[in-house]
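The residues making up each chain are set out below.
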Amino acid sequence: MTTSSYDYDVLVIGAGHAGIEAALASARLGAKTALLTMSCDTVGAMSCNPAIGGVAKGQIVREIDALGGEMGLVIDETGIQFRMLNQSKGPAMHSPRAQADKKAYQFSMKHRVECQENLTLRQEMVESLVVEKGRILGIRVRGDATYHASAVILTTGTFLQAIMHTGESKSPGGRAGEGTTGTISDSLRELGFELERFKTGTPARLNGRTIDYSRVERQPGDDNPVPFSFMNDRISQPQLDCYLTETNGSVHDAIRNNLHRAPMYSGQINSTGPRYCPSIEDKVVRFADKSSHQIFLEPEGRNTQEVYCNGISTSLPRDVQDQMIHSIRGLEKAEIMRYGYAVEYDFAPPTQLTPTLETKKVEGLYFAGQLNGTTGYEEAAGQGLIAGINAALKIKGSGPFILDRNQAYLGVLIDDLVTKGVDEPYRMFTSRAEYRLLLRHDNADRRLTPLAAEIGLASDERIARLTEYNAEIEQALNILLNERYHGNPLEERLRRPDVDWAGICQLSSSLAELNISERARDQVCVEVKYAGYIRRQTADIEKQAKITQLRIPDSFNYKGIPQLRMEAREKLDRVRPLNLGQASRISGITPADLAVVTMYLKQPR
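Residues numbered from 1 in each chain as written. Predicted model: local features only at pLDDT ≥ 70, side-chain atom pairs only at ≥ 80, totals over all residues. Heavy atoms only, no water.

Strand order in the open sheet made by the six strands is 16-17-18-19-15-20, with antiparallel pairing throughout. With partners counted over all chains shown, the strands left at the sheet margins are strand 16 (217-219) and strand 20 (336-338), one partner each. On average, each strand axis in the sheet is inclined to that of its neighbour by 35 degrees, with strand direction left out of account. Where strand 17 (residues 242-246) lies against strand 18 (residues 294-299), four bridges are found, and the strand directions are antiparallel. Bridge pairing in strand 18 links Leu 244 to Phe 296. (Pairing = 2+ DSSP bridges. Helix = DSSP H or I, 4+ residues; strand = E, 2+ residues; numbered from the N terminus. Axes fitted to C-alpha atoms, helices over the stretch in contact; angles between N-to-C directions.)

Okay, here's the thing in structure tokens:
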């Protein structure tokens, strides 16, 4: 039998949100890349909620865009409703979110992958990894073929040993209508990787034609929608409405009366689900005092009547889902097009990774996305981007690309994963970022595009746009600092909460005549009004850097330090932190442990 063989620099396994960003980044950085997927028909598919962004997730999408990723550009092109969340709060809490036309989003992503130079998209079923002497050499696929590569990025989503549950019924599959893969899990275990199980879920989808919209609350998009991508000045396509309804006592009674048939309560599922996106069964049990829970009715596209019921994810049996839906205001006659279900799947605890997302056990092997125990399109895409960058840089012989917690939400995300691990599916929140005032969605480009330019991932057009934008901001700031009103710089006047850009322009003809973009004006106002807080956070970062920047060699022998507690030795040896800062964030590591490590680090060698 003839064995087919193919040679690449980087192989990306899985063409979901993580795989796409990984493959595009790798190819754009000059690595000959192949993106392998079980089905070319599902590249970029939105398996669950047809939306991008949200609280903290919107910041991640803006960071992906600032680093040259694709997610922001595609949602701007295919979004059907745009909203800026938390506008009543301070700028650190503002988070963009958009409903997507999910098929348009998927097709646009697939087309961009197909058009990318240096990137091959191919339909393959991966069966095993090829590893020799602790280094990845490639993968084997069904049909007796081998792909050789110096780096492999696994982005397998929820498809490893996946089982779908609807009531007592269960079947193999990582997504409705699709299969699963178990051989990759076997291959990882043979290599010594630890695998555990998580679960996620999805709600029913309804035929919008059968919803009584007169009985539900309309939720329109923003009048002046803000684009996700820095490369876009405005959103021009018309927006669609979403709608709001809620559960009630009848719905809750139906759930309580059938908990014994719910896989999460019958013992059929033992895996942990996402605490911050619980099923409706969990909500009714955990929040027994609440008489209702909100349900957002979200259209899945412009050319479909399918409506996503955000807020009632469930794995209850079909007959119970029928009863639930028909007890909800506005949905009394609604037809279910797809029933909700839960998915159990394998994931690899992420403390097995370095901050580049390369595995510690196998050189050249990277993990990204839900394989690392995260949940959400945005978290997955961000990890894929970082893994793709680092795989390509490693092949070039360049240094790693690692974002600190004070540089990006992506830095927080990855540091949390590889340092603390996960005991439930991880999702990003603004509260996880201690420097969130510095990591706003509106300044992602100023923070990160210069870094993308250094490694070659920012286009000339993006760099030119950023240069012009920065110049506009500097022009305005110079006027505010140098012109005076009643003896004080105009900047001090703008700091007042009751003074906006229009108000300050009334006091300065120079500002009034300044021809700069609305985006630049908004940025100037934020920087001036929050300058004191920003200075304090910056000073705190500098102080922490002096304390924690002491690097720890890769070969440091924690087990050889008798004064270190056994628990500390084990945790430090497993995580192998890069520096004292990362060591301090490991769960269970005390200041006394750090003092002992510091003493040994400072000893002459």
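After that view of the structure, there is still more to cover.
Of note in the backbone geometry, Asn 118 takes a positive phi value of approximately 75 degrees without being a glycine. Here Asn 118 shows up in the loop between helix 4 (102-115) and strand 7 (119-123). Among the residues examined, Asn 118 registers a relative accessible area of 36% and is labelled partly exposed. With phi around 55 degrees, His 486 is a residue other than glycine that occupies positive phi space. Tracing the backbone through its elements, the reader meets His 486 in the loop between strand 23 (484-485) and strand 24 (488-489). According to the relative accessible area criterion, His 486 is exposed, its value standing at 67%. (Buried < 20%, exposed > 50% of the residue type's maximum accessible area, 1.4 Å probe, protein only.)

All told, the structure shown has 42 salt bridges when counted by the stated rule. Taking the shortest distance from any N to any O, the salt bridge between Arg 62 and Asp 445 comes out at 2.5 Å. Here the residue Arg 62 occupies a position in helix 2 (residues 57-66), and Asp 445 occupies one in helix 12 (residues 444-455), the gap between them amounting to 383 residues. With relative accessibility at 6%, the residue Arg 62 sits in the buried group. Accessibility expressed as a relative area gives 1% for Asp 445, which makes it buried. (Salt bridge = Lys/Arg side-chain N within 4 Å of Asp/Glu carboxyl O.)

Keep in mind these values describe shape, not function.
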